[in-house]
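# Overview (structure and organization)
The residues making up each chain are set out below.
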Amino acid sequence: MPDIDVDFCINGREDVYKYVVERYGGGDYVAQIITFAKLKTRAVIRDVGRALGIELAEVDAIAKMVPDVLNITLDEALEQEPRLRELIEKKPEYGELIRICRVLEGLPRQRLDPCRGVVISDRPLVEYLPLFRGKKARW
């Protein structure tokens, strides 16, 4: 697919987007690109720990045991940090925490729209890709 990179000043960018939507068939044919932040290892430990009612200090201590390595997974952290393995073997609730975290790790956590890229299609976009309509959607 062709990719045209054109940058617009933030002042007036909304007007350019509105023009493109109107010019190329409306919201069925034009949409902004979004991305999703994923549940990373430390964040998923903190989120699940909070949901399970584990004390914040305990959950924070567990999350801090995850080695500070870019894109490390929970399984890699367990391999690299023996204290983490020992800790989850001591308390059943920590084992449950890790079991749930394994399922949730890597899933989308929240929507981001960092780039403001735009997709323009010759057919309705739903024929090509999944769509998401935000709360403030106008088209």
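Relevant structure appears above.
Let me begin by describing the structure that accompanies this report.

Criteria and thresholds
- Residues numbered from 1 in each chain as written.
- Predicted model: local features only at pLDDT ≥ 70, side-chain atom pairs only at ≥ 80, totals over all residues.
- Heavy atoms only, no water.
- Helix = DSSP H or I, 4+ residues; strand = E, 2+ residues; numbered from the N terminus.
- Rg over C-alpha atoms; globule rule 2.2 N^0.38 Å.
- Contact = heavy atoms within 4.5 Å.
- Areas by Shrake-Rupley, 256 points an atom, 1.4 Å probe, with all protein chains shown as cover.
- Lys, Arg positive; Asp, Glu negative; His and termini not counted.
- Charge placed at Lys NZ, Arg CZ, Asp CG, Glu CD.
- Salt bridge = Lys/Arg side-chain N within 4 Å of Asp/Glu carboxyl O.
- Buried < 20%, exposed > 50% of the residue type's maximum accessible area, 1.4 Å probe, protein only.
- Polar contact = N/O pair within 3.5 Å; in protein donor to acceptor, adjacent residues only side chain to side chain.
- Phe/Tyr/Trp six-rings, centres within 6.5 Å; stacked < 30°, edge-to-face > 60°.
- Lys NZ or Arg CZ within 6 Å of the ring centre and 35° of its normal.

### Focus: the overall build of the protein
Each helix and strand counted, the protein has six helices and four strands in total. Starting at the N terminus and walking to the C terminus, you meet the elements of the protein as α-β-β-α-α-α-α-α-β-β. Rg of the C-alpha trace for the protein: 21 Å, well past the compact-globule value of 14 Å for 139 residues, more than 25% over. Counted over contacts in the protein with a minimum sequence separation of 6, partners at least 24 positions apart contribute 67%. For the protein, the accessible area works out to roughly 10200 Å², and carbon and sulfur atoms hold 53% of it. Positive and negative charge centroids in the protein, built from 23 and 24 side chains respectively, lie 4 Å apart.

### Considerations on the pattern of salt bridges
Using the criterion set out here, one finds 10 salt bridges in the structure. The partner of Asp-47 in a salt bridge is Arg-50, and the shortest N-O contact between them spans 2.5 Å. On the criterion of helical spacing, the pair formed by Asp-47 and Arg-50 is a turn pair, its members being three residues apart in helix α2 (residues 41-52). Residue Glu-96 is joined to Arg-99 by a salt bridge in which the shortest nitrogen-to-oxygen separation is 3.0 Å. On the criterion of helical spacing, the pair formed by Glu-96 and Arg-99 is a turn pair, its members being three residues apart in helix α6 (residues 92-104). The partly exposed category is assigned to Arg-99, whose relative accessible area is 47%. Members of the salt-bridge network, linked through shared partners, are Arg-46, Asp-60 and Lys-64.

### Some thoughts on the side chain of Ser-121
Within the secondary structure, Ser-121 sits in the segment after β4 (118-120). In terms of polar contacts, Ser-121 uses its side chain to reach the backbone carbonyl oxygen of Arg-123, at 2.5 Å. Contact partners of Ser-121, with chain neighbours within four places excluded, come to Tyr-29 and Tyr-128.

### Here we look at the packing of aromatic side chains
All told, the structure shown has zero aromatic pairs when counted by the stated rule. The ring of Tyr-24 carries the charged tip of Arg-23 above its face, separated from the ring centre by 5.3 Å.

None of this, on its own, says anything about what the molecule does.
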